[in-house]
Amino acid sequence: MVMELREKLEILADAAKYDASCASSGTEKRDSRDGGLGSTEGMGICHAYAPDGRCISLLKVLLTNACVFDCAYCINRASSNVRRARFSVREIVGLTLDFYRRNYIEGLFLSSGIIRSPDYTMEQIVRVARELREVHGFKGYIHLKTIPDASPELLAEAGRHADRLSINVELPRAESLKALAPEKDGRAIRVAMAGLRMRIEEAREAQGEAARVKVAMGGGRRAVAPRFAPAGQSTQMIVGADASTDAVILDTSSALYGSYRLKRVYFSAYSPIPDASAVLPPVAPPLVREHRLYQADWLLRFYGFSAPEVMAGGEGGMLDLEVDPKLAWALKHRAAFPVDVNRAEREMLLRVPGLGAKTVDRIVAARRVRSFRMADLARLRVNLRKVAPFVTAVDHHPRAGLLDRADLRALLLPRDGLAERAGVAAAGMLARPVQLPLFGGAHV
Ligand code: SF4
């Protein structure tokens, strides 16, 4: 019996590794000192990142890898020749509590193949979250993958128990979804995402109102307002399973952020699967493509770039794989540089290759009281080799003609691509499906 559970865990944790949408930041604060089991911190202490940037502190499993759908790109599709397993609700609840008490995890990420029907599957997923919260007082992080065709009542209950909900759009274009996952309904996915957005916003407004009432009444008892997925919703797109360019992927991603107020759009490089359909590419896209898309996504969300601006750094609708998208943009817009670190607007400093958003904020704050020299940038751990052609400082002006040199790009190519990738990964921007073993040394 013990071995059987472990075997299931091996199969179902491994099957979950293809889902990139796993990060536990941005939820509300909960503290088990108020009673119950487990705690989260609003600023995301409830997560840890592997060297590749992936959140590893959640028990990330499928309820089952058996599925009645037959999506061509999926290892768990109905026609796939893989070993199948299925947890009972009790087993997942027991594992989550057991691993939590052993300090292996800080929460649960639960997804599933479609068992019988979307409603039946969603009902099982919701039961896990309900039992954890209501029977065991579990206050750790819960991320539930949502089945878009499930009834609105089930989605509503999922949001009451979960910190984050996600629905995968799967592919960047509706035509690709139709061709590769004909049983999925792109419209139903969007409708479900819109429904989640509405409920998330309603809950936030109600929470805000409750907090205002509490302040108006001079504190006292905690304000009670309905909760609904306080860490918001996210989605995932597979990269490289269809012919969509990076431009199409970023356009879709921008539209999703705008329409559904998503917390994150995750990208997952397509992994070739055994006995794959002939319509799928035989090899995986280069990992660096997924990496560049995450960097581009960062530019859209935190650096004031639009998708067309980011794509202007690439060629033929694809991002430059050799250099990061901000450097690629700057190399094609050299007339906008050099930028004076002591006088430039924050928006322009954000466009300087090698200056991250936090560094820019530190520069803007510090230059109020002193003028910046290159040594000051070095103290902020700025890569001077990368930044130097694009900025001026009290003691620095780029050599005449440097910005016009035909070989500037070659001069700025990363000397160590791996080191660059590691840096980006450490910032949580790289999300290759690498699952760490959850049960090494455990006795389950
Ligand atoms: S519905 Fe999900 S689990 Fe089932 S085949 Fe499609 S992608 Fe795979």
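Given the structure is predicted, the values throughout are model-derived calculations rather than measurements.

A. Looking closely at the overall build of the protein. Scanning the protein from N- to C-terminus turns up 16 helices and eight strands. Within the protein, residue pairs in contact and separated by at least 24 positions form 69% of the contacts whose partners lie at least 6 positions apart.

B. Representation of the environment of K326 in the model. As for its position among the elements, K326 is in helix α10 (residues 325-332). Residue class for K326 comes out buried when judged on the 24 C-beta atoms lying within 10 Å of it. For the pair K326 and L299, spaced 27 residues apart in sequence, the C-alpha separation works out to 7.6 Å. Leave out the neighbours within four places in its chain, and K326 touches L299, R351 and P353.

C. Geometry of the pairing of strand β3 (residues 141-145). Extensive coverage of β3 is indicated by the burial of five of its five residues. In β3, alternate side chains face the same way, and those of Y141, H143 and K145 on one face and I142 and L144 on the other are all buried. The sheet contact formed by strand β2 (residues 107-111) and β3 spans four bridges and is parallel. If you follow L110 over to β3, its bridge partner there is L144. You can see the chain leave β2, run along helix α3 (residues 118-135) and come back into β3, and the turn it takes is right-handed.

D. Quick look at the packing of helix α4 (residues 152-161) against helix α6 (residues 186-216). Put simply, α4 and α6 touch, their axes get as near as 11 Å, and they point 45° apart. Relative to α6, α4 is oriented oblique. The hand of the α4/α6 crossing is right-handed. The residues of α6 that touch α4, namely those facing P152, L155, A156 and G159, are A192, G195, L196 and R199. Among the residues forming the contact of α4 with α6, the class breakdown is five nonpolar, two polar and one charged.

E. View of the site of the ligand. For the ligand, the full set of nearby residues is C67, F69, C71, C74, N76, R77, G113, I114 and A181. Along the lines of polarity and charge, the residues of the shell around the ligand split into six nonpolar, two polar and one charged.

F. Up close: the packing of helix α7 (residues 246-260) against helix α8 (residues 287-302). Two elements in contact, α7 and α8, have axes whose closest approach is 11 Å; the angle formed by their N-to-C orientations is 40°. Considering their axes alone, α7 and α8 lie oblique with respect to each other. Between α7 and α8 lies a crossing of right-handed hand. On α8, the residues touching D246, I249, L250, S253 and S254 of α7 are L293, A296, D297 and L300.

G. Geometry of the sheet that holds β3. Strand order in this open sheet of six strands is β1-β2-β3-β4-β5-β6, and the pairing throughout is parallel. Since the sheet does not close on itself, it has two edges, and those belong to β1 (58-62) and β6 (264-269), each with one partner. Taking each pair of neighbouring strands and ignoring which way they run, the sheet shows an average axis angle of 20°.

H. Quick peek at the environment of E322. Its place among the elements puts E322 in the loop between α9 (307-311) and α10. Between the alpha carbons of E322 and A410 there is a distance of 10.0 Å; along the sequence they are 88 residues apart.

I. Main features of helix α2 (residues 89-101). Between the first and last C-alpha of α2 there are 18 Å, a value that for 13 residues agrees with the 18 Å anticipated at 1.5 Å per step. A positive phi of about 70° marks N103, the residue just after α2.

J. Representation of unusual backbone geometry in the model. With an omega of 0°, the peptide bond running from F337 to P338 counts as cis. Here P338 lies in the loop between α10 and β7 (339-340). The phi dihedral of R261 is positive, around 50°, even though this residue is not glycine. Even without glycine at this site, R381 takes up a positive phi of about 65°. Following the sequence through the fold, R381 ends up in the loop between α13 (374-379) and α14 (384-387).

K. The arrangement of the pairing of β6 in detail. Counted residue by residue, β6 has six buried out of six residues, so it is predominantly covered. Side chains of β6 alternate between two faces, with R264, Y266 and S268 and V265, F267 and A269 buried alike. Two elements, strand β5 (residues 233-239) and β6, share six bridges in a ladder whose sense is parallel. Bridging from a neighbouring strand, T235 pairs with V265 of β6. Each parallel crossover has a hand, and the one from β5 via α7 to β6 is right-handed.

L. Structural context of the confidence of the model for the protein. When pLDDT is averaged along the protein, the result is 85, and 83% of the positions lie at 70 or above. Counting interchain partners and residues more than four positions distant, the pLDDT-below-50 stretch residues 23-27 has 22 contacts. Residue range residues 39-54 is modelled with pLDDT below 50. Its contacts to residues more than four positions away, or to other chains, number 54 contacts.

M. Representation of α10. For α10, the tally of buried residues reaches six of eight residues, placing the bulk of the element in the interior. When α10 is considered as a whole, its buried residues turn out to be P325, K326, L327, A328, W329 and A330. Check the buried side of α10 and you find it contacts α8, α9 and α15 (408-412).

N. How the structure looks around the nonpolar core. The biggest cluster of nonpolar side chains holds 104 residues, and the ones touching the most others in it are L12, L110 and A158. Structurally, this core is a two-domain feature, drawing no fewer than three residues from each of domain 1 (2-233) and domain 2 (323-405). When residues no more than four places from it in sequence are discounted, the contact partners of A158 are M122, I125, V126, A129, L144, T146 and L165.

Conventions we followed
- Residues numbered from 1 in each chain as written.
- Predicted model: local features only at pLDDT ≥ 70, side-chain atom pairs only at ≥ 80, totals over all residues.
- Helix = DSSP H or I, 4+ residues; strand = E, 2+ residues; numbered from the N terminus.
- Contact = placed C-beta atoms within 7 Å.
- Buried ≥ 20, exposed ≤ 12 C-beta atoms within 10 Å, placed from the backbone.
- Pairing = 2+ DSSP bridges.
- Right-handed = clockwise from strand over helix to strand, strands pointing away.
- Axes fitted to C-alpha atoms, helices over the stretch in contact; angles between N-to-C directions.
- Parallel < 35°, antiparallel > 145°, perpendicular 65-115°, else oblique.
- Left-handed = near helix turned anticlockwise from the far one by under 90°.
- Nonpolar A, V, L, I, M, F, W, Y, C, P; charged D, E, K, R; others polar.
- Near = placed C-beta within 6 Å.
- Expected span 1.5 Å × (residues − 1).
- pLDDT = per-residue confidence, 0-100.
- Core = buried A, V, L, I, M, F, W, Y, C linked by C-beta atoms within 7 Å.
- Domains from an automatic or database assignment.

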